[in-house]
Amino acid sequence: MKKLFGICPECEKQELFMTEYKCLRKLMKTKNWIVCKNCDYTIQIEKLKNMLCCI
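The paragraphs below set out a description of the structure included in this document. Within every chain, residues take consecutive numbers counted from 1 along the sequence as written. Given that this is a predicted model, residues contribute local features only at a pLDDT of at least 70 and side-chain atom pairs are listed and counted only at 80 or more, while totals for whole chains, interfaces and linings are drawn from all residues. Here the side-chain values reflect all heavy atoms present in the structure, with hydrogen atoms and water set aside.

## Thoughts on the overall build of the protein chain
As a reminder of what qualifies: Secondary structure elements follow DSSP: runs of H or I no shorter than four residues count as helices, runs of E no shorter than two count as strands, and numbering proceeds from the N terminus. Relative accessibility under 20% of the residue-type maximum defines a buried residue, over 50% an exposed one, and the middle range a partly exposed one, all with a 1.4 Å probe and only protein chains included. Should any heavy atoms of two residues lie within 4.5 Å, those residues are considered in contact. Accessible surface area values rest on a Shrake-Rupley calculation with a 1.4 Å probe, where residue burial reflects the displayed protein chains alone.
Along its length, the protein chain carries one helix and four strands. By the burial criterion, 22% of the 55 residues in the protein chain qualify as buried. Put simply, 16% of the contacts in the protein chain that link residues at least 6 apart link residues at least 24 apart. Element-wise, carbon and sulfur atoms account for 55% of the exposed surface of the protein chain, whose accessible area totals about 4,900 Å².

Printed below as a string of structure tokens:
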């Protein structure tokens, strides 16, 4: 588990952390999630990467 320095888009608190689990099936492989300790907001890292935009 790694703590991130970011603001949660739901509760706007700085309590995000990254978690990871490994599934036994080859189809799922490894999944990474960003979770907020305060409000239980979760988002999969792959989805977050698709939402990011560089200006």
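## Comments concerning the side chain of N32
Relative to the helices and strands, N32 resides in strand β3 (residues 30–36). Residue class for N32 comes out buried when judged on its relative accessible area of 19%. Leave out the neighbours within four places in its chain, and N32 touches T19, E20, I43, Q44, I45 and E46.

## As for the environment of P9
Tracing the chain through its elements places P9 in the loop between β1 (2–3) and β2 (16–22). Judged by its relative accessible area of 53%, P9 falls in the exposed class. Through-space distance from the C-alpha of P9 to that of Y41 is 8.4 Å; in sequence the pair is 32 residues apart.

## Regarding the packing of aromatic side chains
Convention followed: In this scheme Phe, Tyr and Trp rings, the latter by its six-membered ring, pair at centre separations within 6.5 Å, and the angle between planes marks the pair as stacked below 30 degrees, edge-to-face above 60, and tilted otherwise. A ring is scored as having a charge over it whenever the NZ atom of a lysine or the CZ atom of an arginine sits within 6 Å of its centre and within 35 degrees of its normal.
In total, this model carries zero aromatic pairs according to the counting rule given. The cationic tip of K37 hangs over the ring face of F17; the distance from NZ or CZ to the ring centre is 5.7 Å.

## Concerning unusual backbone geometry
Notably, E12 is not glycine yet its phi reads approximately 60°, a positive angle. Position of E12 among the secondary structure elements: in the loop between β1 and β2. When its relative accessible area of 64% is taken as the criterion, E12 is described as exposed.

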